[in-house]
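# Results of the structural survey
As a plain string of letters, each chain reads:
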Amino acid sequence: MKLFTDQGNFKSLKVIAALELTGLPYTLEKCGHEDRVVPYLSSPSLPVLEVSLQRFLFSPNAATRYILNTKSEEDDYNVDKWLEWESSQLQPYLVRYLVSVIVHKKPDTESLNRIQQLLKFLNAELKSKSLTKIQDSAADLVLWGSLFPVFKGAAEIKGWESQYSNIKTWFNSVNSLPCCQAALSKVIPGEDTTCLKGSLSAQPVPLLEQETRLEEPVQKSKPQKGKMEKPAENTAAEESLLVKEASAEEIQTAKESWKTGKSKCPLPRERKHPILPNSGERNLLITSALPYVNNVPHLGNIIGCVLSADVFSRYCRLRNYNCLYICGTDEYGTATETKAIEEGITPREICDKYNKIHREIYDWFNISFDKFGRTSIPEQTKIAQEIFWKLEKNGFILRDSIEQLQCQKCLRFLADRFVEGTCPLCGYDDARGDQCDGCGKLLNAIDLRDPKCKVCQGIPMVKSSQHLFLDLPKIESKLQTHLNTVFDKGIWTNNARVITNSWLRDGLKPRCISRDLKWGIPVPLEGFTDKVFYVWYDAPIGYISATACYTDQWEKWWKNPKQVELFNFLGKDNVPFHSVIFPSTLLGANDNYTVVNHMSATEYLNYEDTKFSKSRGTGVFGHMAKETGIPADVFRFYLLYVRPESQDSSFSWDDFQLKNNSELLNNLGNFINRALMFVSNNFGGEIQEMNLTEEDFHLLALVNRELQTYIDNMEQIKLRDSIRNILSISRLGNQYMQANKPWVLVKGSQTDKTRAGTVVSLSANLATLLSVLVQPYMPRVSATIQDQLKTPDECNVIHRVFVCHLPPGHKIGKPSPLFEKIEASKIQEMKKRFEGEPAPQKSSSKKTASGSTEEIQKLNDDITAQGNVVRELKAKKADKAVINEEVTKLLALKKQLTDISGEPAPGGGKQNSKQAKKGGDKQNSGQANKSAAKENKKAEAPAVNGAVDSKEVERLTEAVAQQGLKVRDLKSQKAEKSQIDSEVAVLLDLKRQLAVAQGQDPEALTGGKGKKGKKK
């Protein structure tokens, strides 16, 4: 290989680094700044890589990618993503800034500000300290080479290392590579970037995004033909796709499918309702988790279930599968009653109000349910009670009592959300009975301090109540057999498998299925008729009742496991109810029910750097999305682009803007509008004869490769990956147009004009394919493209190969832009609008400091000294009475500090041994004492210097929460009393340790006594 470059051309850094990294033999040819190496280019372009005789790569990014692929294929879409980002977003501003500083000595502040924005985005993306899953990829070398001149030397951006810590770590790692150091020695000796001046002066400055659009017809509704000769420069990422090789077999397949493929394509399936399973076909029953009716869904809720299921359902229809998509609102339970009380209306009115809101939101997002039902309907009651009677008849229902809080004024037991009080873990004084918003920990209502009834503010008492339990241990073997089969044959996300297995690992326990509420499905069993079914017993049955409302032949879907595949779409928090509880319910009923075969569970979608919160007004909720003025399809696209498939992800307005402007506007929209405008303006809107060359069939082979990968990803419910296949196809189309330059050909000879007709007509057919592939993701955009193309209905089937649907003579409609640019001012407006209030403090009981700094410091010193006294006495095994006396002094000092500083006092030694032992003596449980002693030993060590150890407090807080959950589970499962007492002993000891670590009196925290952990 031969690399042609001029003196001080920083774009050579990445190419030379790639050559050095791979060890490929190469020659470095130094040229003049104005030398024209590639004979057929209209202007000088350096550097240029000659890969073989007269075969040139004149994009540094493409060259870098090509070099590294010669050693091993970099099969990671993130590589191309970063190459495109660098060339289309970063490079134009970077070059302008370098020219302003190194050549003109007058920094361009506008370019610098834009670079800072891009660096902020890059820094956020580098949280994992890596750009791609490939070590030292083309993306690493390309970005390193581009950023070096603004991180070192004359044009260095001041303070970048402190502002962008993630970039600093990544950059220093890449910069230290021997291949990068070798490149620097050849291009920027001594890292003196002033040597770049000559090259920067000679090279043309890249067009900025808005300038590119002014020269392109793509963004104009009334294009000017005279401007057609100057489309946007081809991006490096696009060019890198062109150099991919296609096998002879792939090219032959492309030729055959182009010539005869349409005749083999099936016609779209006509969907006549009611849709029922057909023998001999693939019948897919698709459900998305029922959204709870009492609230407005936010974007995380929407991508977690209904939108993901909608995309898959639309894809299945385009594949001519026989499928049915079912959802609805979950309307029974505590939260509905609570919401009704808050709003002063009945639960039925709450359900009617919010069911309407949900429907309106999903209509706006264009979610295409076959049936959207609700659970507060007669069909739900009938089916849920029928299943219960079958479970009862088959011996899978148990009776037992559980302890609950009962309001003496309201004369009823209080479900978790009807209780408020002080969190026992963090002291937050507005915690709910099921969870604390201060520390985020799950709670049990009977563990709250100072509990109050949310309805009347009365103080409840702990009482026992008889309830019904589903005997999961008795059904477990049936469930395990079923899961073994579907895990092997079905599509299950990793989190769904892991969560399910974690429930099964230690053996299932009986699960309570009744509640002391009024709003719910009545339990029909004598002696329990004053109770209703627990919402997580009846909610999944809502899928069945919604289908029963859709068709009276619902049993053909729900009692037909041999012919029907059941797909569940949900968030990971709902996994156990869909993989364990609901399947066990159906298997226990023993009535040939269709049980889940496939499960796609998402992780959590966060909002920026925090969580969605309606109470704080943080994040975008469904009804608000419409008010932004941004089309629903753009929201759909972005939510699916960042879908949290394998780990939590975030909705970021900066990234939202970037994806819209780069992927939708400049990539997908640019290609389709360009192609259609050219057909419209130069060929009267008529598709021309297409005489395809080997180059054209090479393009079709690459398109087929992306198309088949798209299908494979969709079949595995990898929705985020398929969207990247779409964008790769449109990139190929952009590259194909740019390489052939039809705006030049159309002004040439008749042969050239014919070639131009072939290029744009083939591109229009490619746009037709894209209109079908984007349909699951952006249905309205798909309809717009097809309207502009006047596509035939038969194109709406996804075939495994690209075929010609627009023959010569086909007349297209009027082209117009598909997307609009989102300006930075719009993004700032959205950020401000949806940022909300800060999260609540963990404790609302902090006091204001009343002492002087000197007094507080003196007390801190005294506590440290007294802590040392206690520690030394314990080390010498002094008399217990002496130790206790000194511990008392230490606690008194801490109380003084708390009183005058308003902050928790620091730990001061192993002062908790007296209380821990006192509590341990009372427990009379050997195993509990061992566990407590082990935890006690861990907790004591960090506090010996008299300072609060925040990590130890955090560790103990988490330990208390986990142990509390364990105790509650044992109680709800009616475990042996001795086992519960043992675990309660461990919990109490952990609470004492936490109190000591926070500088509180451990006896006061746990009430001094309480063998069973109950409130007195």
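Residues numbered from 1 in each chain as written. Predicted model: local features only at pLDDT ≥ 70, side-chain atom pairs only at ≥ 80, totals over all residues. Heavy atoms only, no water.

### A closer look at the overall build of the protein
Helix and strand counts for the protein stand at 39 helices and 20 strands. Burial status across the protein gives 58% buried among its 1016 residues. Working note: accessible area of the protein is about 42,400 Å², and carbon and sulfur atoms make up 49% of it. (Helix = DSSP H or I, 4+ residues; strand = E, 2+ residues; numbered from the N terminus. Buried < 20%, exposed > 50% of the residue type's maximum accessible area, 1.4 Å probe, protein only. Areas by Shrake-Rupley, 256 points an atom, 1.4 Å probe, with all protein chains shown as cover.)

### Points about the packing of helix α18 (residues 472-489) against helix α19 (residues 494-505)
Running from N to C, α18 and α19 point in directions that differ by 155 degrees, and their axes come no closer than 12 Å. On the basis of the axis angle, α18 is roughly antiparallel to α19. Note on packing geometry: the crossing formed by α18 with α19 is left-handed. Of α19, the residues touching α18 (which contributes Glu-476, Leu-479, Gln-480, Leu-483 and Phe-487) are Arg-497, Thr-500, Asn-501 and Leu-504. For the contact of α18 with α19, a count of residues per class yields four nonpolar, three polar and two charged. (Axes fitted to C-alpha atoms, helices over the stretch in contact; angles between N-to-C directions. Parallel < 35°, antiparallel > 145°, perpendicular 65-115°, else oblique. Left-handed = near helix turned anticlockwise from the far one by under 90°. Contact = heavy atoms within 4.5 Å. Nonpolar A, V, L, I, M, F, W, Y, C, P; charged D, E, K, R; others polar.)

### Let's talk about the sheet that holds strand β11 (residues 431-432)
Across the sheet, three strands lie side by side as β11-β10-β12; this open sheet has antiparallel pairing. Two strands in the sheet have a free side with no partner beyond their single neighbour: β11 and β12 (449-453). Sheet topology places strand β10 (residues 419-422) next to β12; three bridges connect them, and they run antiparallel. Counted as the bridge partner of Thr-422 is Arg-449 from β12. (Pairing = 2+ DSSP bridges.)

### Side note on the packing of aromatic side chains
The description of an aromatic ring pair rests on the distance of the ring centres and on the angle between the ring planes. The final tally for this structure, using the stated rule, is 41 aromatic pairs. Geometrically, the ring pair formed by Tyr-362 and Phe-369 is edge-to-face, given 5.8 Å between the ring centres and 80 degrees between the ring planes. Here the aromatic residues Trp-364, Phe-365, Tyr-607, Phe-612, Phe-621, Phe-635, Tyr-638, Phe-651, Trp-653, Phe-656 and Phe-834 are joined through ring pairs into a cluster of three or more. A cation over an aromatic ring shows up here: Arg-515 above the ring of Tyr-534, its NZ or CZ 4.0 Å from the ring centre. Positioned above the aromatic ring of Tyr-641, the side-chain terminus of Arg-724 is 4.0 Å from the ring centre. (Phe/Tyr/Trp six-rings, centres within 6.5 Å; stacked < 30°, edge-to-face > 60°. Lys NZ or Arg CZ within 6 Å of the ring centre and 35° of its normal.)

### Some points on helix α17 (residues 378-393)
A rise of 1.5 Å per residue sets the reference length of α17, with its 16 residues, at 22 Å; its end C-alpha atoms lie 23 Å apart and thus fit the reference within 8%. Taken together, the buried positions of α17 are occupied by Gln-380, Ile-383, Ala-384, Gln-385, Ile-387, Phe-388 and Leu-391. On its buried side, α17 packs onto β8 (397-407), β13 (461-470), β16 (532-533), α20 (535-538), α21 (541-550) and α23 (575-589). Within two residues after α17, Gly-395 carries a phi angle of roughly 80 degrees, on the positive side. (Expected span 1.5 Å × (residues − 1).)

### Thoughts on helix α15 (residues 334-343)
An α-helical turn contains 3.6 residues, so a residue and the one three or four places further along point in the same direction. Burial of α15 is extensive: seven of the 10 residues sit out of reach of the surface. Residues of α15 that are buried: Thr-334, Ala-335, Thr-336, Glu-337, Thr-338, Lys-339 and Ala-340. Buried-residue contacts for α15 involve α16 (347-364) and β9 (412-414). A positive backbone phi angle near 70 degrees is found at Gly-344, which sits one or two residues after α15.

### Let's talk about the packing of helix α28 (residues 719-740) against helix α30 (residues 750-773)
Their axes nearest at 10 Å, the elements α28 and α30 cross at an angle of 170 degrees. Taken together, the axes of α28 and α30 are roughly antiparallel relative to one another. Residues Ile-726, Ile-729, Ser-730, Gly-733, Tyr-736, Met-737 and Asn-740 of α28 form the contact with α30, whose participating residues are Arg-755, Val-759, Val-760, Leu-762, Ser-763, Leu-766, Leu-769, Leu-770 and Leu-773. Its residues placed into classes, the contact of α28 with α30 shows 11 nonpolar, four polar and one charged.

### Quick word on the pairing of strand β18 (residues 598-602)
Burial analysis of β18 places five of its five residues in the buried class, which makes it a mostly covered element. Side chains of β18 alternate between two faces, with His-598, Ser-600 and Thr-602 and Met-599 and Ala-601 buried alike. The pairing of strand β17 (residues 564-571) with β18 spans five bridges and is classified as parallel. Within the sheet, the bridge partner assigned to Leu-570 lies in β18 and is Ala-601.

### Topic: unusual backbone geometry
Where the residue is not glycine, phi is negative for most of them; where a peptide bond is considered, it is trans in most cases. Cis geometry marks the peptide bond from Leu-46 to Pro-47; its omega dihedral reads 0 degrees. Position of Pro-47 among the secondary structure elements: in the loop between β2 (27-31) and β3 (48-52). With an omega of 0 degrees, the peptide bond running from His-273 to Pro-274 counts as cis. Relative to the assigned elements, Pro-274 resides in the loop between α12 (248-264) and β5 (283-288). Even without glycine at this site, Asn-366 takes up a positive phi of about 60 degrees. Within the element layout of this structure, Asn-366 appears in the loop between α16 and β7 (371-374). Even without being glycine, Lys-790 reaches a positive phi, approximately 55 degrees.

### Regarding the environment of Thr-864
By the element assignment, Thr-864 lies in helix α33 (residues 853-875). Overall, the relative accessible area of 27% leaves Thr-864 in the partly exposed class. On a C-alpha basis, the gap between Thr-864 and Leu-890 in space is 9.1 Å, while along the polypeptide they are 26 residues apart.

### Focus on the nonpolar core
One finds Ile-286, Leu-299, Ile-387, Phe-635, Phe-651, Trp-653 and Tyr-777 to be the most contacted residues of the largest nonpolar core, which totals 181 residues. Excluding its chain neighbours within four sequence positions, the residues that come into contact with Tyr-777 are Val-311, Arg-636, Leu-640, Tyr-710, Met-714, Leu-719, Ser-722, Ile-723 and Ile-726. One finds Leu-13, Tyr-93, Val-95 and Leu-126 within the second-largest nonpolar core, a separate group that totals 65 residues. (Core = buried A, V, L, I, M, F, W, Y, C linked by side-chain atoms within 4.5 Å.)

### Some points on the pattern of salt bridges
Scanning the model with the defined rule gives 40 salt bridges in all. A salt bridge links Lys-454 to Glu-420; its shortest N-O distance comes to 3.9 Å. Of this pair, Lys-454 sits in the loop between β12 and β13 while Glu-420 sits in strand β10, and the two are 34 residues apart along the sequence. Take Glu-420: its relative accessible area is 22%, and that puts it in the partly exposed class. Two residues, Asp-516 and Lys-531, come together in a salt bridge whose shortest N-O distance is 2.6 Å. Within this pair, whereas Asp-516 is found in the loop between β15 (514-515) and β16, its partner Lys-531 is found in the loop between β15 and β16, the two being separated by 15 residues in sequence. Salt bridges linked by common partners bring Lys-339, Glu-342, Glu-343, Lys-353, Glu-420 and Lys-454 together as one network. (Salt bridge = Lys/Arg side-chain N within 4 Å of Asp/Glu carboxyl O.)

### Points about the side chain of Glu-663
Relative to the helices and strands, Glu-663 resides in helix α26 (residues 653-682). Accessibility expressed as a relative area gives 3% for Glu-663, which makes it buried. Looking at Glu-663, its side chain comes within polar contact range of the side chain of Asn-667, at 3.3 Å. Apart from residues no more than four positions distant in its own chain, Glu-663 is found in contact with Glu-84, Phe-637, Tyr-641, Leu-658, Leu-668, Leu-727 and Arg-731. (Polar contact = N/O pair within 3.5 Å; in protein donor to acceptor, adjacent residues only side chain to side chain.)

### Considering the sheet that holds β8
The sheet built from four strands is open, its strands ordered β9-β8-β13-β14 with antiparallel pairing. Two strands in the sheet have a free side with no partner beyond their single neighbour: β9 and β14 (511-512). Lying over the sheet, α17 contacts β8 and β13, oriented at roughly 120 degrees with respect to β8.

### Section: the confidence of the model for the protein
In regions of low pLDDT, the predicted coordinates are not meant to be interpreted in detail. A residue-level look at the protein finds 83% of positions with pLDDT of 70 or above and a mean pLDDT of 83. Counting contacts from residues 209-240, a segment whose pLDDT is below 50, to residues more than four positions away or on other chains yields 76 contacts. In the model, residues 842-849 has pLDDT below 50 throughout and makes 20 contacts with residues more than four positions away in sequence or in other chains. (pLDDT = per-residue confidence, 0-100.)

### Quick word on the environment of Asn-301
Structurally, the position occupied by Asn-301 is in helix α13 (residues 299-304). Assessed through its relative accessible area of 35%, Asn-301 is described here as partly exposed. Measuring from C-alpha to C-alpha, the distance between Asn-301 and Leu-605 comes to 8.2 Å, with 304 residues separating the pair along the chain. If sequence neighbours within four positions are ignored, Asn-301 has contacts with Val-296 and Val-306. Among the polar contacts made by the side chain of Asn-301, one reaches the main-chain amide nitrogen of His-298 at a distance of 2.9 Å.

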